[in-house]
Amino acid sequence: MKKYYCDFCDRSIPDNPEARRKHVSGTQHQMNVKMHYDSYRGVTEILNEQMQKPPCRKFTTTGSCEYGLSCRYSHVMYDAQGNPFLPPSFLPNSESSQGSGHRKESKRVPKFKLPPGLPSDLPPSLKPPPPQGYDWSNMEEWG
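Analysis parameters
Residues numbered from 1 in each chain as written. Predicted model: local features only at pLDDT ≥ 70, side-chain atom pairs only at ≥ 80, totals over all residues. Heavy atoms only, no water. Helix = DSSP H or I, 4+ residues; strand = E, 2+ residues; numbered from the N terminus. Buried < 20%, exposed > 50% of the residue type's maximum accessible area, 1.4 Å probe, protein only. Areas by Shrake-Rupley, 256 points an atom, 1.4 Å probe, with all protein chains shown as cover. UniProt positions renumbered as here; feature names shortened; annotations may be inferred. Pairing = 2+ DSSP bridges. Disulfide = S-S within 2.5 Å. Salt bridge = Lys/Arg side-chain N within 4 Å of Asp/Glu carboxyl O.

(A) Structural context of the overall build of the protein chain. Counting secondary structure elements, the protein chain contains four helices and four strands. Across the 143 residues in the protein chain, those meeting the buried criterion constitute 23%. Accessible surface computed for the protein chain: about 11500 Å², of which carbon and sulfur atoms make up 56%.

(B) The arrangement of the UniProt feature "domain: Matrin-type" (unreviewed entry) in the protein chain in detail. If you check UniProt for "domain: Matrin-type" (unreviewed entry), the listed places come out as residues 4-35 in our numbering. Across residues 4-35, the secondary structure splits into 53% helix and 22% strand, with the terminal C-alpha atoms separated by 21 Å.

(C) Layout of the pairing of strand 2 (residues 11-14). Here strand 1 (residues 3-6) pairs with strand 2 via four bridges, running antiparallel. Considered in strand 2, the bridge of Cys6 is made with Arg11. Connecting strand 1 to the next strand, strand 2, in antiparallel fashion are four residues, including Asp10 with a positive phi near 60°.

(D) A look at the state of the cysteines. A complete count under the given rule lists zero disulfides for this structure. Cysteine Cys56 remains unbridged, with the sulfur of Cys65 as its closest cysteine sulfur at 4.0 Å. Judged by relative accessible area, which is 4%, Cys56 ranks as buried. Among the cysteines around Cys65, which has no disulfide bond, Cys71 carries the closest sulfur, lying 3.9 Å off.

(E) Broad picture of the pattern of salt bridges. Considering all chains together, one arrives at four salt bridges under this definition. With a closest N to O distance of 4.0 Å, Lys2 and Asp15 form a salt bridge. Pair noted here: Lys2 is in the segment before strand 1 and Asp15 is in the loop between strand 2 and helix 1 (17-24), with a separation of 13 residues, a long-range link. Overall, the relative accessible area of 62% leaves Lys2 in the exposed class.

As structure tokens, this is what we get:
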């Protein structure tokens, strides 16, 4: 049986009109498509949309919400002067948001340890990555 792969949902479905129609009209697919296109929207557009919604009780009490921008409630915060803003984790292109794969990414940071007894003057290719990650801004100079 031939399969159709949906890039938005990261899964395969049977390749026939009825299965495609059922999948495309499904809630999960529609939410994934919205998250994809939201990642290209501007911050002010997202903020204006969020300000039209009632406040999210879970976000106001705990400071987090597992639904992110797909939540039906608002996650707008206000600074000391009363200006509205969105927390960085709720912005679509931020590194701490839910990522581009539409799945919740693991928040764990891998920890690397060198085996005991290795010399301390290892070449960079054998050292573990730094905790803050690599600086990719000067890649042209690497070559």
